[in-house]
Amino acid sequence: MILCAGEALIDMLPRKTVEGGDAFAPHAGGSVFNTAIALGRLGAPVQFFSGLSSDLFGDILRAELAASGVDAGPAAISDRPTTLAFVKLTDGHASYAFYDENTAGRMIAPDDLPDVAAEALFFGGISLVVEPCGSAYEALMLREAASRVMMIDPNIRPGFITDEASYRDRLTRMLGVADIIKTSDEDLTWMTGEADAGALLRETDAKVALLTRGGDGVTIVTEGGAVDVPAEKAEVVDTVGAGDTFSAGFLASLDRQGVLTKEALPDVTDVQLAEAAAFGAKVAAITVSRAGANPPWASEL
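This structure is a prediction, so every number in the text was calculated from the model and none was measured.

Turning to the nonpolar core, a few remarks are in order. Within the largest apolar cluster, 48 residues are counted, with the highest numbers of intra-cluster contacts made by Cys-4, Leu-39, Phe-48, Ile-180, Leu-210 and Phe-250. When near neighbours in sequence (up to four residues on either side) are disregarded, Ile-180 contacts Val-149, Met-150, Met-151, Ile-152, Val-208, Leu-210, Phe-250, Leu-254, Leu-260 and Leu-265. With 43 residues, the next largest nonpolar core counts Leu-3, Ala-85, Phe-123 and Met-150 among its residues.

Encoded structure:
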């Protein structure tokens, strides 16, 4: 079982009305939510923890989780509103304007943390930036790190960060107990000032660092060295959810290979990691070939 812990929100995606005017359409989203959805569609056993609203947008989120085979039992339900993210696409690349004050997802606290039965936990996204939810996710990761595999994808949104020093301190603590760190080249440069994924291993106890480079593929870095895995060719419609889907594919493959446990991961081989990264690239290629964060089902592969 994999527990995804992080934000769930509504992406308001740009569309055109029948008259040709600008409009926005609501779609279930959020970085960690997208990873959970992708895992469920790939057939991996997955749970989701976040703060979910009882409002109409929360209904959309819960329905999407259920339809994709994700167990939302661990989630904390409240009557606070759902976070909204208005999306702007420029040459297929997404930028966001977030509306997140006093929302169900933002206002979860350490008292809302669930009991955990999963062998692996996944964290990341904007849920790590703000309070009080950032402290809650950090507390969950630190609480479970000794006995369960921890994967983190910071998925940094600089425009959403208001207290950079506190956010960097949180990332340092969470990266410090992670087993698997996934980052894009842009995020890595923001965090460390250089595009050297090896630095993440030298400064943490992580076993694996994944550096994704879009159409140039992914580099897997371990203590034994680096392995490059090419990207799958795709006709790109937009990149919304691409990295989230890659993370899901990577985790699903490791789980299917039987190495996604605290005991097995230290002995994982380069071949097993390359297989997992190639699978992640394959499912991400399908996601970028269609609009929005719409990960593939196992039957589409």
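After presenting the structure, the write-up continues.
Take the state of the cysteines next. Taken as a whole, this structure holds zero disulfides when the rule is applied. Not part of a disulfide, Cys-4 finds its nearest cysteine sulfur in Cys-133, a span of 16 Å. Classification of Cys-133 by relative accessible area gives buried; the value is 3%.

A separate point is the environment of Met-141. With respect to the helices and strands, the residue Met-141 is situated in helix α3 (residues 133–144). Its relative accessible area of 0% is what places Met-141 among the buried residues. Each C-alpha atom of the pair Met-141 and Trp-297 lies 29 Å from the other, and the pair is 156 residues apart in sequence. Those residues within four positions of Met-141 in sequence are excluded, and the remaining contacts are Phe-123, Met-150, Ile-152, Met-174, Val-177 and Ala-178.

Turning to unusual backbone geometry, a few remarks are in order. Between Glu-131 and the following residue, Pro-132, the backbone shows a cis peptide bond with an omega angle of 0°. Relative to the elements of secondary structure, Pro-132 occurs in the loop between β9 (120–124) and α3. The backbone of Asn-102 shows a phi angle near 55°, a positive value even though the residue is not glycine. Phi at Asn-155 is positive, roughly 45°, even though this residue is not glycine.

Now for the packing of aromatic side chains. This model, assessed by the stated rule, comprises seven aromatic pairs. Their ring planes at 80° and their centres at 5.0 Å tell us that Phe-24 and Phe-86 sit as a pair that is edge-to-face. Separated by 62 residues along the polypeptide, Phe-24 in strand β3 (residues 22–29) and Phe-86 in strand β7 (residues 84–90) bring together distant segments of the chain. The class of Phe-24 is partly exposed, set by a relative accessible area of 43%.

Conventions adopted
- Residues numbered from 1 in each chain as written.
- Predicted model: local features only at pLDDT ≥ 70, side-chain atom pairs only at ≥ 80, totals over all residues.
- Heavy atoms only, no water.
- Core = buried A, V, L, I, M, F, W, Y, C linked by side-chain atoms within 4.5 Å.
- Buried < 20%, exposed > 50% of the residue type's maximum accessible area, 1.4 Å probe, protein only.
- Contact = heavy atoms within 4.5 Å.
- Disulfide = S-S within 2.5 Å.
- Helix = DSSP H or I, 4+ residues; strand = E, 2+ residues; numbered from the N terminus.
- Phe/Tyr/Trp six-rings, centres within 6.5 Å; stacked < 30°, edge-to-face > 60°.

It is worth stressing that arrangement in space is one thing and function is another; only the former is reported here.
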